Amino acid sequence: MLETLADRGSATVTELAAELPVTRQAVAKHLGTLRTAELVEPTRAGREIRYRLSPAPLGDALDWMERVGATWDERLAALRRHLA
């Protein structure tokens, strides 16, 4: 769903459900979870709500993964030295 939103720029629940192998209700529930995580931003356009990707929290997650990855790289290198 994130990839579809990134490709489209924005989409409604109905548009996403038409492109994905899930029901409209499943899309709405998933978008609710993504909205809670602040990964999508809803915008009302008349009767419709359009969702667009908000990638800032993904940057925070990437920063964390890089820090954790560096720590594990150091630990694995120490283990290799110890075993050698």
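Quantities reported herein were computed from a predicted structural model and do not represent experimental measurements.

A.B. asks: Requested: an account of the nonpolar core, with residues and values cited.
C.D. replies: Grouped together as the largest cluster of nonpolar side chains are 12 residues: Leu5, Ala11, Val13, Leu16, Ala17, Leu20, Val27, Leu31, Leu34, Leu39, Val40 and Tyr51. Of all the secondary structure elements, the ones that give two or more residues to this core are helix H2 (13–19) and helix H3 (24–36). In this structure leucine 34 touches Met1, Leu2, Leu39 and Val40, once residues within four positions along its chain are discounted.

A.B. asks: Got a sec to walk through H3? Specific residues and values, please.
C.D. replies: A rise of 1.5 Å per residue sets the reference length of H3, with its 13 residues, at 18 Å; its end C-alpha atoms lie 18 Å apart and thus fit the reference within 8%. Where H3 is concerned, the buried positions are Val27, Leu31 and Leu34. All buried residues of H3 project into a common sector of 60° when viewed along the axis, lining one side. Exposed side chains of H3 directed beyond 90 degrees from the buried face belong to Gln25, Lys29, Thr33 and Thr36. Those residues of H3 that are buried lie in contact with helix H1 (2–8), H2, strand E1 (40–45) and strand E2 (48–53). Immediately beyond the C-terminal end of H3, within one or two residues, lies glutamate 38, with a positive phi of roughly 60°.

Here is what the cut-offs are and how they apply
Residues numbered from 1 in each chain as written. Predicted model: local features only at pLDDT ≥ 70, side-chain atom pairs only at ≥ 80, totals over all residues. Heavy atoms only, no water. Core = buried A, V, L, I, M, F, W, Y, C linked by side-chain atoms within 4.5 Å. Buried < 20%, exposed > 50% of the residue type's maximum accessible area, 1.4 Å probe, protein only. Helix = DSSP H or I, 4+ residues; strand = E, 2+ residues; numbered from the N terminus. Contact = heavy atoms within 4.5 Å. Expected span 1.5 Å × (residues − 1). Arc of directions from axis to C-beta.

Just distances and angles here, no functional claims.
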